[in-house]
Amino acid sequence: MITRINKNYVNPVGKSVPRIDGKGIVTGQAKYAFDVSFPNMLVGKMLRSPHPHARILSIDTSKAEVLPGVKAIITAKDTYLIKFGSNEYFFPHTVDQQALESDKVRYIGDEIGAVAAVDEETAEEALKLIDVQYEILPAVFDMVEAMKPGAPQIHEAMNNIAVILPVNFGNVDRALKESDYVREDIFYSQAAAHAALEPHVCVGQFETFSNKITLWSSSQAPFKCREALAKCLKMDLNDVRVIKLAVGGGFGGKLEMLPMDFAVCLLSRKCGGLPVKITYSREEEFSFSRRKHAMLYKLKSGIKKDGTLMAISGEVIADGGAYCSYGPTVIAAAIMRTFMVYKIKNFRINGYRVYTNNPISGAIRGFGGVQSGFSVESHIDLLAQGIGMDPIEFRLKNITEPNMVTINKMYLSSNGLKECIEKAATASNWKEKRGKQKHLCRGIGIGVAADVMGSKMYKSHESAGSIVKVEEDGSVYLFTGAADTGQGSNTALSQIAAHELGVSYSRIRCKSGDTEITPFDTGSFASRVTFISGNATKRAATDAKKQILSVVAEEHKLNIDDLDIIAEQVVNKTNNSIIMTFDKALDLCYSFNYGRQIIGRGSYNPKTTPVDFRTAEGNVSGSYGFEAQIAEVEVNKETGQVKVLKMWDAHDIGKAINPQSVEGQIEGSIAMGIGYTFYEDLKFRNGRVVNPNFANYRLPKSIGAIPIETIMIETNDPEGPFGAKGMGEASLLPTSAAIANAIEDAIGVRMKELPITPDKILKAIKEKEELSKQGYEKSNA
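Everything numeric here is computed off the predicted structure, so don't read it as measured data.

Structural notes on the packing of aromatic side chains
Then comes step 1: For the structure shown, the criterion picks out 14 aromatic pairs.
Then comes step 2: An angle of 80 degrees between the planes, with centres 5.4 Å apart, marks the rings of Phe286 and Phe694 as edge-to-face. One end of the pair, Phe286, is in helix α8 (residues 282-288); the other, Phe694, is in the loop between β31 (688-689) and β32 (708-713), with 408 residues separating them in the sequence.
Then comes step 3: For the pair Tyr326 and Phe367, a centre-to-centre distance of 5.8 Å together with 85 degrees between the ring planes defines the contact as edge-to-face. Highlighted residues: Tyr326 in the loop between β16 (309-321) and α9 (327-341) and Phe367 in the loop between β17 (347-355) and α10 (369-386), separated in sequence by 41 residues.
Then comes step 4: By relative accessible area, Tyr326 is classed as buried at 0%.
Then comes step 5: Connected via pairs of aromatic rings, a cluster forms that spans Tyr89, Phe90, Phe91 and Phe613.
Then comes step 6: Above the ring of Phe34, the side-chain terminus of Lys277 is found at 4.8 Å from the ring centroid.
Then comes step 7: When the ring centre of Phe187 is taken as origin, the NZ or CZ atom of Lys752, which lies over that ring, is 6.0 Å away.

Describing the side chain of Ser217
Then comes step 1: Mapped onto the secondary structure, Ser217 falls in strand β12 (residues 212-217).
Then comes step 2: In this view, Ser217 contacts Ala33, Val201, Cys202, Val242, Ile243, Lys244 and Leu245; residues no more than four positions away in its chain are not counted.

Description of the packing of α10 against helix α18 (residues 735-747)
Then comes step 1: Taken N-terminus to C-terminus, the directions of α10 and α18 make an angle of 35 degrees; their axes are 8 Å apart at the nearest point. Seen along the crossing, α10 lies across α18 with a hand that is right-handed. Only Ser736, Ala737, Ala740, Asn741 and Glu744 of α18 make contact with α10, whose side of the interface consists of Gly373, Phe374, Glu377, Ser378, Asp381, Leu382 and Gln385.
Then comes step 2: Residue composition of the contact of α10 with α18, by class: 4 nonpolar, 5 polar and 3 charged.

Some remarks on the layout of surface pockets
Then comes step 1: In this structure, the second largest pocket encloses a volume near 580 Å³.
Then comes step 2: Around the second largest pocket, the lining comprises 25 residues; the ones closest to its centre are Asp21, Ala30, Lys244, Ala246 and Asn490.
Then comes step 3: Elements with a contribution of two residues or more to the lining of the second largest pocket: α1 (22-26), β13 (240-244) and β23 (508-512).
Then comes step 4: Looking at which element gives the most residues to the lining of the second largest pocket, the answer is β23, with 5 residues.
Then comes step 5: Here the lining of the second largest pocket is composed, by residue class, of 11 nonpolar, 7 polar and 7 charged.
Then comes step 6: Both of domain 1 (2-30 + 463-604) and domain 2 (33-139 + 200-288) provide at least three residues apiece to the lining of the second largest pocket.

Here's the deal with the environment of Val552
Then comes step 1: With respect to the element layout, Val552 can be found in helix α15 (residues 529-556).
Then comes step 2: Taking the C-alpha atoms as reference points, Val552 and Ala585, 33 residues apart in sequence, are found 6.7 Å from one another.
Then comes step 3: If we skip the residues at most four places from it in the chain, Val552 touches Leu563, Val570, Ile579, Met580, Ala585 and Leu588.

Rules and cut-offs
Residues numbered from 1 in each chain as written. Predicted model: local features only at pLDDT ≥ 70, side-chain atom pairs only at ≥ 80, totals over all residues. Heavy atoms only, no water. Phe/Tyr/Trp six-rings, centres within 6.5 Å; stacked < 30°, edge-to-face > 60°. Helix = DSSP H or I, 4+ residues; strand = E, 2+ residues; numbered from the N terminus. Buried < 20%, exposed > 50% of the residue type's maximum accessible area, 1.4 Å probe, protein only. Lys NZ or Arg CZ within 6 Å of the ring centre and 35° of its normal. Contact = heavy atoms within 4.5 Å. Axes fitted to C-alpha atoms, helices over the stretch in contact; angles between N-to-C directions. Left-handed = near helix turned anticlockwise from the far one by under 90°. Nonpolar A, V, L, I, M, F, W, Y, C, P; charged D, E, K, R; others polar. 1 Å grid on protein atoms, 1.4 Å probe; cavity = no way out; pocket = protein on both sides within 12 Å on 5 of 7 lines; lining within 4 Å. Points joined across faces, edges and corners; volume = space filled by probe spheres on them. Domains from an automatic or database assignment.

Without other data, these values stay purely geometric and don't point to any function.
Here it is in structure tokens:
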């Protein structure tokens, strides 16, 4: 019988469905690492260096060991002295940190031991009783000073340069000589904290009967954490289990195994299997976790009179702090993102990731793209200004295009950057406002950006796996190794699974981020989850669907290729007839005659090539996302205060799996970008963080949040699941530049240093007035 397919059914993909974990979060029932509790659980505390640079002469724990309530103390002598790092595959020399340092400490807070006690007070008292003797060594805190001959040697790296990344294409010197206009600029971006509301928390327990370790944490990358734990503990991977719980903000700060993760596991083993919990205080979170790289960005570029970008050259210096962490990736991304955005054939930038005795710099949302975005996009505006060309016209002339290969071998398939710029310009009334509001001290500025969908810079592969299990009662269980850190990836992946399987989103139950029961996944970073884990999930759902359809085809003597599941009904595509409902198909699968369990499996490894860091060539991502952002500001020239009136963000997202989540990611990125632009500044004095709390570390607030207009550009990427791309970071990258460019349009002063504060604006206005006065006096002399 020919029957119409249910038109009331709503396909999950492309709809703003409720978050799969939403009720648990808003009712307080979601379980975070802090909520983990066991009988007889001990409190752990880390023993840290009070010095920025010193040699460890001795550690005497005898007094602490006899303190009532102390159950275990560990130092480096209890470890295998194995070093760990985050870029081991491509940069083995950057594996430079021990879980507990044995010979030398390199920053204030460096971990040298840990204690476990019955309560926090006892653990704190035990730390005070441990006697550590040091030989104080000279320290260096400035990244430029650290590179000079004779500077204190922090590791074995020559001139404290942990990573040198020369990127060189074409003939820059010749291109600069052939240019009609050449200019040089220097930009500075400050250090900043992740400022997640949830601090780092972990619980470790050793099972004496199985010799296995379980770690409960708020990790963004549980499988990477497991790998580092197994290495440092000298255990097999299958003897280490990492369970990711709900995450109260990560932003890159929870991508790595930290010494605290190692410590709770080793302390538990030493305590005979008693569970141990370590919770960072807010001061520890600001001072001893990870931070954004402070970065000095020098640029010299040349252009033709018609706006053709001829050459870009320069130097990037990043303050890496005491250990490498994700430094190699950050410095690479800070340089090579330019190729995704601009057609450039002559390019020469040398990158230096430098050791200092400051706290460790690591991954933070944008991976160096915030610093480079501010620098490059500000510089691009100044180049356009130098030849009297509109900044949007200049960008449209030089941006990358769809289906092109960049000079460094990146393949850009779908590319909506042109449409992003044009749509943002139209929405903001760019032509009517640019350069025409100076009498109101108002201005408008643009920044553009591109980002990866994952990055093959960590392992030999970047695959993700998913399992879709369909139960007899019609429940669909999605198992994914991807880590939902608040961005809503469990929801997006569930939508993908439901859509591909042809069933309602309400059927899906999602289990993620447990290394013992979910398939491998690299983690949540580099905007990779929707694209890579989404493809794995789509393939798993396809596999499950085929298993169901094979039973239906066998039962009804039909060709399986003619069948599909649409709107919870098994249909014959040749004549649009409904054969049976999804539930009836499952009854058949689990019936006496068949008894087939439906377990679909999917794996996806993007079509990429690793970067050859000798040549800087490589297609690091299976696809690339693009975006344009416009800011309109008003400046009070008397106080230096800047008011952002509105932001417009046009984003090439391929296909919006969940439009509401897309808007949330964009709005959150812009809010974070405004924080970096005006407020956030992690300050140090001789290596010590001097504003390690929310009272002194300034952040933007929800009160007074600016209007944001989101424009979604759907380019339907050929590789993305249902055409989707990842988009968690790109909206953060151009914000500071868009605002700085708008400020110059408003009052004619150029801000080259972040954060942009009223004092800096007033100083720039004064300097401009003095220069104008000197020019007037010279012309009348």
